[in-house]
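Notes for the structure review
Chain by chain, the residues run as shown.
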Protein chains: 2
Amino acid sequence: MIPCADSRLAAQIAFIVEIDKLKTILRQTLLIDSSRRENDAEHSWHIATMAFLLEEYADDPVDVGRVARMLLIHDIVEIDAGDTFIHDEAGHEDKDAREQAAARRLYGLLPKDQAAAYSALWREFEDRQTPEARFAHSLDRLQPLLHNFETEGGTWKSNAVTADKVEKLLPRIEGGSGRLAAYARSLIAEAVARGYLAPAARNASGSG
Amino acid sequence: MIPCADSRLAAQIAFIVEIDKLKTILRQTLLIDSSRRENDAEHSWHIATMAFLLEEYADDPVDVGRVARMLLIHDIVEIDAGDTFIHDEAGHEDKDAREQAAARRLYGLLPKDQAAAYSALWREFEDRQTPEARFAHSLDRLQPLLHNFETEGGTWKSNAVTADKVEKLLPRIEGGSGRLAAYARSLIAEAVARGYLAPAARNASGSG
Ligand SMILES: [Ca+2]
């Protein structure tokens, strides 16, 4: 515990110390040099930076500072709830309940006004109704595609993911940016052409 | 190389891929759980998040989105120039030249308008003349203090750093936030009281 006479600042520092744990929550994605798996803090840094760099591709005008603020804290619930692999359907079943409890505990460390504001910002991200939330999701889904392409199929290969599964991520990218979704689509096609990604499984053809 | 018909987007994606290397640039600071050293991407995520959380402590009003944007990219030059330990005086001699060259190469990957804007933003950080740059420096210096306190003196002990050296960081924190500097000062005193940090060396007393 860090001493502090000012209880508001003490609560803020306690939160800042607690979220250091995000640096130890591993994702499936490999770093682009393939040396190890990426963690949530690194992922959050990367996509918040992408928000500023790629703002021009958002379909609706966005407050990009707000997009970055949202992306920096969107994964904090995973400190308690863990990372659920995007193609793990079983793990997604109780994901919501686990993440709600995590949000209560973690954002609850902050002073009341900030606890409310940050919980609401996280809910806004999850609900995907605002231009900022939709663009944030575009970036959150585009970044691992770049990693999988650059590592010549890293997570796709090790998890036997096929192109039809990866294509299911496209609507989420499209929700915030048609141009980034078009780019992602071409990247998937190129990944299949290069053998980084297996084509759609036969029994998947014909389905939605 | 990631294929892209649009050369502007191709340049932006090339930069986004290149800066993934920031995740492999290690700092001296330990994670708060002491499990390993922190990297620059994690550090940048942490302090950009702190910018939003601690905005109220900035002495001058700041555009906090701009502070975050600055902090997210402020260490990118270290991909080429490496991290220079804050108490390493020899390493600081050619730091400027190495970082200038790094900025030219790295920001130069971006489309011309963004290359200029991001180089300027990095220079603004380095020059510490604007309220945003001064507050960014406050956070950049406060965060490792929190880590060193929470790890019961981690980097201070392993590098035989004494309190007078750590106190030299206070003006940088004070430049952007008197209240965060006062907090940092009390943290240093408490660290000495608890034996996390050695008091000033005798031959240092009496000097500025
Ligand atoms: Ca995410």
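Calculation notes
Residues numbered from 1 in each chain as written. Chains lettered and ligands numbered in written order. Predicted model: local features only at pLDDT ≥ 70, side-chain atom pairs only at ≥ 80, totals over all residues. Heavy atoms only, no water. Axes fitted to C-alpha atoms, helices over the stretch in contact; angles between N-to-C directions. Helix = DSSP H or I, 4+ residues; strand = E, 2+ residues; numbered from the N terminus. Parallel < 35°, antiparallel > 145°, perpendicular 65-115°, else oblique. Left-handed = near helix turned anticlockwise from the far one by under 90°. Contact = heavy atoms within 4.5 Å. Least-squares fit on C-alpha atoms with pLDDT ≥ 70 in both. Donors = N, O, S within 2.8 Å, 3.2 Å for Na, K, Ca; no water. Buried < 20%, exposed > 50% of the residue type's maximum accessible area, 1.4 Å probe, protein only. Phe/Tyr/Trp six-rings, centres within 6.5 Å; stacked < 30°, edge-to-face > 60°.

**Examining the packing of helix 5 (residues 95-107) of chain A against helix 6 (residues 112-127) of chain A**
All names here are of chain A.
- One way to put it is that helix 5 packs onto helix 6 with a least axis distance of 9 Å and a crossing angle of 150°. When the interaxial angle is binned, helix 5 and helix 6 end up roughly antiparallel. Taken as a pair, helix 5 and helix 6 cross one another with a handedness that is right-handed. Here Glu99, Gln100, Ala103 and Tyr107 of helix 5 come into contact with helix 6, specifically with Ala115, Tyr118, Ser119, Trp122, Arg123 and Glu126.

**Quick look at the relation of the copies chain B and chain A**
- Of the transformation placing chain B onto chain A, the axial shift is 0.0 Å and the rotation is 180°, giving an RMSD of 0.0 Å. The superposition of one copy onto the other is thereby described by a two-fold rotation axis.
- Looking at chain B, 100% of its interface residues are interface residues in chain A too, so the copies touch through the same face.

**A word on the coordination of the calcium ion**
Residues and elements named next belong to chain A.
- Note on the calcium ion: its protein donors are His43 (NE2), His74 (NE2), Asp75 (OD), Asp140 (OD) and Asp140 (OD). The metal-donor distances range over 2.2 to 3.0 Å.
- The sequence motif formed by the donor residues of the calcium ion is H-x30-H-D-x64-D. Here His74 lies in the loop between helix 3 (64-73) and helix 4 (78-81) and His43 lies in helix 2 (residues 40-53), a separation of 31 residues in the sequence. Accessibility classification places His43 together with His74 in one group, the buried group.

**Here we look at the environment of A:Val161**
Residues and elements named next belong to chain A.
- Mapped onto the elements, Val161 comes out in the loop between helix 8 (154-158) and helix 9 (163-167).
- Val161 gets classed as buried once you look at its relative accessible area, which sits at 6%.
- Placed 36 residues apart in sequence, Val161 and Leu197 show a C-alpha to C-alpha distance of 7.4 Å.

**Considering the packing of aromatic side chains**
Residues and elements named next belong to chain A.
- Within this structure, the stated rule accounts for four aromatic pairs over all chains.
- Aromatic pair Phe149 and Tyr196: ring centres 5.2 Å apart, planes at 75°, arrangement edge-to-face. With Phe149 in helix 7 (residues 131-150) and Tyr196 in the segment after helix 11 (178-194), this pair connects stretches of sequence that are 47 residues apart. Both residues of the pair, Phe149 and Tyr196, count as buried.

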